[in-house]
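Coordinate analysis (summary)
If you want the building blocks of each chain, they are given just below.
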Amino acid sequence: MELYFYLVPLLQHLTIEGGRQMIYEELKRRFFTRYVFLSIIGVLLLTCVLNLSIVSINENLHELIKEESIYAGEMTEDKLWLALEKVRDEKSDDIKYKPLIAFISRLVYSYPGILYNEDKLTKFPDYYAKNFYECWKKKSTALIEKIPKNNQRKALKELNKVKTPFYQYEGYYLWIEGFNMLKVLYLIIIFMVTFFAASTYSDSMEDGSMEIIYTTVFGKKIMGIRLIPIIIYGLLLTLIATLCTVIILGSATGFKTLKSSLKIFALFSIGNFTLGSGILLMFVSELLGVLSLTTIMAWVSYKTANTSFATSIGIGINILYIIMALFIKISRKFCKLMSNALPLASSQIINEVSGFHFDMGIWRPYSVMISMVLEFCFFGILLYCKIHKNKN
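Residues numbered from 1 in each chain as written. Predicted model: local features only at pLDDT ≥ 70, side-chain atom pairs only at ≥ 80, totals over all residues. Heavy atoms only, no water.

As enumerated under the stated definition, the model contains eight salt bridges in all. Between Asp-126 and Arg-88 there is a salt bridge, and its shortest N-O distance comes to 2.5 Å. Within this pair, whereas Asp-126 is found in helix 6 (residues 126-130), its partner Arg-88 is found in helix 4 (residues 77-89), the two being separated by 38 residues in sequence. According to the relative accessible area criterion, Asp-126 is partly exposed, its value standing at 28%. When the shortest N-O distance is used, the salt bridge between Arg-364 and Glu-352 registers 3.7 Å. Here Glu-352 lies in the loop between helix 16 (333-340) and strand 3 (358-359) and Arg-364 lies in helix 17 (residues 364-391), a separation of 12 residues in the sequence. Of the two residues, Arg-364 and Glu-352, both sit in the buried class. (Salt bridge = Lys/Arg side-chain N within 4 Å of Asp/Glu carboxyl O. Helix = DSSP H or I, 4+ residues; strand = E, 2+ residues; numbered from the N terminus. Buried < 20%, exposed > 50% of the residue type's maximum accessible area, 1.4 Å probe, protein only.)

In structure tokens:
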């Protein structure tokens, strides 16, 4: 009896230590490679170069920021009317009025041809500035009337929740460019995770070591542990790209600019997002895309048992999204749902913020994110069943 009470804790300790050792060995095997080192350095350098180029393009940025800060903050209709009067009527070139004029111009130039059709600032009536938020709501309502009828009531309800006035701080345009750079970086990261995940199981199948793993006590656990390095790798790359972007642009404009309304990026949209929460939305969506891609590529890797073939399938899935999103105008609802369910859609989530789009009653950015979670679970279950079927 005494021996029993001695052996049980010992066996539990050995099991825990064995599990930790397995995780360590798997991380070591996957991370201490030239590919991982070069990809991390590559993403870091690319992020820095792209963001520094955004900052360097704007000459005398410090002076510009100082001038723009005069009327930055709450975009009241009094401010907008003053700017329109100064620039349109008095032909003022003062820098401090330019952000206000850009703000008014979005009312006309976003979704051109709907309600407001002026092609020149000189033709803008006082009404656009004096009653900006009324004009914004009228045009938003006109856009909502163009979406499927079953979603219009939901869209109007969400529109009424939007708080006005909006906010716009100095240097906001650098962050708009930053959003576009992040989209590119996130797209690249999805491709890099695809390459990394393609060999999750197929490398062991190709060299014959999988048969040995099957016979070990921790064989099943090793199969699950192999997903951890992919998730950590994707998280690490996403963190590098996001934090470097925020730090570099924030150092140039001041972090207060992150409090600007996301409406300066997507004027006609729902929600009360700021630039900061917009970046957080992109970050979370990218992580969900990495999770989804992890189980998809792990299942493909296990199913094909061939790294090159698995890589080709992964690249094909990503290219399919690019073709559907950029080169083909998708009108059918089912096809749009299918394209937004592909992992690469998570990297372009900010494109779905503009407009009033709902899929099955869910705001499209959220529906894309939900799709990523469902895919992670679905392919995770498929992978689990496949592994245990083969092991038995």
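There is more to say after this.
In this section: the packing of aromatic side chains. Under the counting rule described, the total for this entry stands at 20 aromatic pairs. On the numbers, 5.2 Å between centres and 85° between planes, the contact of Trp-136 with Phe-166 is edge-to-face. In this pair, Trp-136 is assigned in helix 7 (residues 132-144) and Phe-166 in the loop between helix 8 (149-159) and strand 2 (167-168), connecting sequence segments 30 residues apart. For Phe-166, a relative accessible area of 2% gives the class buried. Relative to Tyr-173, the ring of Tyr-172 has its centre 5.3 Å away and its plane inclined at 75°; by these criteria the two rings are edge-to-face. For Tyr-172, a relative accessible area of 7% puts it in the buried group. Following the ring pairs from residue to residue traces out a cluster consisting of Phe-103, Phe-132, Tyr-133, Trp-136 and Phe-166. (Phe/Tyr/Trp six-rings, centres within 6.5 Å; stacked < 30°, edge-to-face > 60°.)

Turning our eyes to something else, we now look at a nonpolar patch on the surface. A surface patch of nonpolar side chains, amounting to about 400 Å² of accessible area, comprises Phe-37, Leu-38, Ile-41 and Leu-45. Mapping Leu-45 onto the fold places it in helix 2 (residues 34-57). When its relative accessible area of 52% is taken as the criterion, Leu-45 is described as exposed. (Patch = residues over 30% accessible without salt bridge, like charges linked within 9 Å, V, L, I, M, F, W, Y side chains within 5 Å. Areas by Shrake-Rupley, 256 points an atom, 1.4 Å probe, with all protein chains shown as cover.)

Turning our attention to helix 7. Think of an α-helix as 3.6 residues a turn; residues three or four steps apart then line up on the same face. For helix 7, with 13 residues, the first-to-last C-alpha span of 18 Å sits near the 18 Å given by 1.5 Å per residue. If you check which residues of helix 7 are buried, you get Phe-132, Tyr-133, Cys-135, Trp-136, Lys-139, Ser-140, Ala-142, Leu-143 and Ile-144. Among the structural elements, helix 4, helix 5 (98-109), helix 6 and helix 8 are those in contact with the buried residues of helix 7. (Expected span 1.5 Å × (residues − 1). Contact = heavy atoms within 4.5 Å.)

The next thing to look at is the environment of Asp-94. Relative to the elements of secondary structure, Asp-94 occurs in the loop between helix 4 and helix 5. In sequence terms Asp-94 and Ala-83 are 11 residues apart; their C-alpha atoms lie 9.7 Å from each other.

Turning to the side chain of Ser-269, a few remarks are in order. In this fold, Ser-269 is placed in the loop between helix 13 (228-253) and helix 14 (275-304). On the basis of relative accessible area, Ser-269 is assigned to the buried category, the value being 2%. Here the side chain of Ser-269 touches Ala-266 through a polar contact of 2.7 Å, landing on its backbone oxygen. The contact partners of Ser-269, leaving out residues within four places of it in the chain, are Trp-136, Val-162, Lys-263, Val-353, Ser-354, Gly-355 and Phe-356. (Polar contact = N/O pair within 3.5 Å; in protein donor to acceptor, adjacent residues only side chain to side chain.)

Going from Thr-164 to Pro-165, the amide bond is cis rather than trans, its omega being 0°. Structurally, Pro-165 can be placed in the loop between helix 8 and strand 2. The phi dihedral of Lys-91 falls on the positive side, at around 55°, and the residue is not glycine. As for its position among the elements, Lys-91 is in the loop between helix 4 and helix 5. We classify Lys-91 as exposed; its relative accessible area is 55%. Unusually for a residue other than glycine, Tyr-111 sits at a positive phi of about 55°. Structurally, Tyr-111 is set in the loop between helix 5 and helix 6.

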